[in-house]
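Residue strings, one per chain:
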Amino acid sequence: MKFRTLSYILFVSLFAILSCNSTKTVVDRNSAKSSVSIKVDSVLKLMTLEEKIGQMNQYNGFWDVTGPSPKEGQAAGKYANLKKGLVGAMLNVKGVKEIRAIQKIAVEETRLHIPLLFGFDVIHGYKTISPIPLAEAASWDLEAIRNSAAMAAEEASAVGLNWTFAPMVDISRDARWGRVMEGAGEDPYLGSKIAYARIKGFQGDDLSSVKSIAACAKHFAGYAFAEAGRDYNSVDVSEATLQNIILPPFKACVDADVKTFMNSFNDLNGTPATGNAYLQRKILKGDWGFNGFVVSDWGSINEMIAHGYAKDSKEAATIAANAGSDMDMESYSYLENLATLVKEGKVKESLVDEAVRRILTVKFELGLFDNPYKYCDEVREKETVGKAAFQEGVLDVAKKSIVLLKNGGNLLPLAKSGLRIGLIGALAADKTSPLGSWRIGADDNTAVSVWEGLQKYKGNQVNYAKGADLTVGQTKFVSELHLNTTDRSGFQEAIDLAKSSDVVIMVLGEHGLQTGEGRSRTDLGLPGLQQELLEEVFKVNKKIVLVLNNGRPLALPWAADTIPAIVEAWQLGTQSGNAIAQVLYGDYNPSGKLPMTFPRNVGQVPIYYNYKNTGRPTMNEPESVFWSHYSDSSNKPLYPFGFGLSYSKFEYSNLKLSAGTLTKAGTLDVTVTVKNSGQVKGKEVVQLYIRDLVGSTTRPVKELKGFEMIELAPKEEKTVHFTIDEKMLQFYTANGKWEAESGDFKVFVGGNSADTLESNFKLQ
Ligand code: BGC
């Protein structure tokens, strides 16, 4: 093998002798683990302090790595440090050729030949793009979600990457925050199941497989609770909210054996997450026994200076290293300061060793020491990227992610022939926005637009009018996305088209880059002129199907009251238009359920189904003002968590519990009958919620505790079973422990969080 220098071969042989386990046979997990730790220790012994600190350093790659080596500026410094073995990982280098070029420097030119990790934000696909994660969460289909992550890992691994900065498992209750699109929504139970599925998808059953990459649970922790939904803002939450709501999905990632964590930009109750020993050392590495490594978020070590928590970069490095941040992404602070800090006794060398051990372990587990170029195969890259099976896979999950919000007069599904369809809205022809935010490996204009998707159905005539742009001009700069257009010159064409159409499909919502990092909004309506356009078109044709493309819950009370049919189609990725067309025509019967509450107006936010009852939940006298409500809006959401219709009709009856009392060691059986009283076969997500009526801390009015997806033919009915046990009732109590408290509980089962059948039991 050409790439291996003599010393590298000697080095690798040493590990082979130590482990006798270089083949891919199935081995006992513990012995495999200990053999890795022997190898890691043997490497660690060879390293100087500087080389160890180098492993804790991650650089963004931005120069042309296949061109001449950079001679000046920051790139030259990074390049020089690479050669000295002072870099453990890179990010944003992509493509086999590029990654091979950099890996070659690490493996062939540094003293110890330690291979690099290559991280990238493969958030919902690399080049073949799946629905945004929030949309996928709406599928409630864990197998489809796992498969989507597995496809993303296979494609990303084929371009040389071995580490994704995903999944984001931040529970989010505030639709103003732009990053809600990256997560699984508002519920810790659903969020935990999805987090687990995504980790398993990215990492596979065998991390050393060439199709698996290391995953990263982020952002640890509390980031989504940024005050007022403003990105990077402070987070102040109670210990109960931290434990019961924010942390469970992170714990699920550890249970799924996630290899890395990323901390977060925010301060949490006064301590920046990056410098938070309680989070990283006590909870993550202590209580949960996480044995992977923690990477900082971009520059977040030095951001502790702006937070007012460290006076300079040296102090920031001290705080971060002591608090358990193992790798520094783009602050350069470890490289600059850690050696001095160790010499001054401010950071113990044993902590540096521990961090490096964690990082090297992941490299070994990925198989990079066996073959640092294992992901660098041009032939595989060519055969894999964008392959047909991925297109089918992302189409499958895209269909499953669509949520039918309203279907007045059974306007949907559309007849397949004889219709003149007027298609209106800039987003209807947009081939970029459906890719959503965080799809940096994909090219613009590569999504199937709704217009293209509809054209595959030849029986109807489809005519298109844009109506109005979303924003002014092109969207080169994100800042321009806030500049709404005032150009109404296309309105008349859209109105004329609507007049001459049997049915109008309006595709409205957000530009793909109006959500994501740094894109918080204070208004949750349709940006720009879209609301006005919708109302103008409605004046001439009432038969409107509103297809929403958006990355966050929107507040659309007028549309919800007025427009007969509404389809929540998010940003569905590469196959977006095909998925939407199949749903509109009934070739796929919608089965998605909202993973986040949709508000009536932005003033209700944060709004979520698992709220606390308060001391004044309601007042009997109609004129009373002294209860927890708004004087200008209902408390109720526009659409509740878990909501979604189908072309079938599901009826719930016969909710039964096997007993009225549950003992701590026992179980209770919950059964419910679900019948499809509609005309077509369909899928339904049956949801189980529980309420703990009295607690040592106040408890939510409902908490999701189980769900099951069933499929029913017309007139078919099924009995769905759930089992309740004591563990399911545990929460972080006033004792500071996870435990269940005896007392009365309510059980709810239904097709969403608001419309449920109800029963009750006692825990003894
Ligand atoms: C984001 C992370 C991301 C990182 C690297 C940061 O700005 O917060 O989620 O993984 O950049 O791109």
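Computed from a predicted model, the values in this text were never measured in an experiment.

Can you walk me through the overall build of the protein in this structure?
The number of helices and strands found in the protein is 22 helices and 26 strands. In terms of overall dimensions, the protein is globule-like: its C-alpha atoms have a radius of gyration of 27 Å, near the 27 Å expected for 764 residues. For the protein, buried positions account for 62% of its 764 residues. Considering only residue pairs separated by 6 or more positions, the protein has 78% of its internal contacts joining residues 24 or more positions apart.

What am I meant to see in the sheet that holds strand β9 (residues 293–295) here?
Either a parallel or an antiparallel arrangement is found when strands of a sheet pair, and the pairing is made through backbone hydrogen bonds. In space, the three strands of this open sheet follow the order β5-β6-β9, with parallel pairing throughout. Two strands bound the open sheet, and with one partner strand each, they are β5 (216–220) and β9. Averaged over neighbouring strand pairs, the angle between their axes works out to 25 degrees when direction is ignored. Pairing analysis gives three bridges linking β5 to strand β6 (residues 260–263), with the strands arranged parallel. Within β6, the residue paired with A217 across the bridge is F261.

Please clarify how the site of the ligand should be interpreted in this entry.
Around the ligand, the neighbouring residues are L91, D121, F165, R179, K218, H219, M262, F265, D297, W298, M329 and E517. Contact between the ligand and H219: an oxygen atom at 2.7 Å from a side-chain N or O atom of the residue. The protein chains hide 93% of the 310 Å² of surface that the ligand would expose on its own. Partitioning the shell around the ligand into residue classes produces six nonpolar, one polar and five charged.

Looking at this structure, I do not really get the confidence of the model for the protein. What am I missing?
Detailed conclusions should not be drawn from predicted coordinates in areas where pLDDT is low. This prediction gives the protein a mean pLDDT of 94; 94% of its residues lie at or above 70. Segment residues 1–10 is flagged for pLDDT under 50; beyond a separation of four residues in sequence, or across chains, it makes 17 contacts in the model. Predicted confidence is poor over residues 12–27, with pLDDT under 50, and the contacts of this stretch with residues over four places away or in other chains come to 16 contacts.

When you look at helix α4 (residues 73–83) in this model, what are you seeing that I'm missing?
Since the α-helix packs 3.6 residues into each turn, any two residues three or four apart lie on the same face. Inspection of α4 places A75, A76, K78, Y79, N81 and L82 among the buried residues, and these make up the whole buried set. Residues of α4 that are buried make contact with β1 (57–60), β2 (89–91), α5 (96–109) and α14 (333–343). Taken from the residues just after α4, G85 is the one with a positive phi, measuring 75 degrees.

Is there a simple way to explain the sheet that holds strand β16 (residues 565–568) in this structure?
Strand order in the open sheet made by the six strands is β11-β16-β15-β14-β12-β13, with mixed pairing throughout. Because the sheet does not close on itself, it has two edges, and the strands there are β11 (403–407) and β13 (461–465). Across the sheet, the axes of successive neighbouring strands diverge by a mean angle of 20 degrees, strand direction being ignored. With five bridges connecting them, strand β12 (residues 420–424) and β13 associate as parallel partners. Across the sheet, the residue bridging to G422 is N463, located in β13. Sitting on the sheet, helix α20 (residues 530–540) is in contact with β12, β14 (503–509) and β15 (544–549), with an inclination near 170 degrees to β14.

Conventions used here
- What you see as residue numbers is a count from 1 along each chain, following the sequence as written.
- It should be noted that, the model being predicted, local features are given only for residues of pLDDT at least 70 and side-chain atom pairs only at 80 or more, the latter also being counted only at that level, while totals for whole chains, interfaces and linings use all residues.
- Note that water and hydrogens are dropped before the side-chain values are worked out from all heavy atoms of the structure.
- Under the DSSP-based scheme used, a helix requires at least four consecutive residues in state H or I and a strand at least two consecutive residues in state E, with every element numbered from the N terminus.
- Note that the radius of gyration is over C-alpha atoms, with the globule rule given as 2.2 Å times the number of residues to the power 0.38.
- Exposure classes here rest on a 1.4 Å probe applied to the protein chains alone. A residue is buried below 20% of its type maximum, exposed above 50%, and partly exposed in between.
- Pairs of residues are marked as contacts when any of their non-hydrogen atoms sit within 4.5 Å.
- Strand pairing is assigned whenever DSSP detects at least two bridges linking the two strands.
- Inter-axis angles, ranging from 0 to 180 degrees, are taken between N-to-C directions of lines fitted to C-alpha atoms, where helices are fitted over the stretch in contact.
- Residues are classed as near a molecule or strand on a simple rule: at least one heavy atom within 4 Å of it.
- In protein, a polar contact means a hydrogen-donor-capable atom and an acceptor-capable atom, both N or O and within 3.5 Å, with residues adjacent in sequence counting only if both atoms are side-chain atoms; elsewhere, any N or O pair within 3.5 Å suffices.
- Areas reported as accessible are Shrake-Rupley estimates using a 1.4 Å probe. Residue values count occlusion only from the protein chains shown.
- Each residue is assigned to one of three groups, with Ala, Val, Leu, Ile, Met, Phe, Trp, Tyr, Cys and Pro labelled nonpolar, Asp, Glu, Lys and Arg labelled charged, and all others, Gly among them, labelled polar.
- Confidence of the prediction at every residue is given by pLDDT, a number between 0 and 100.

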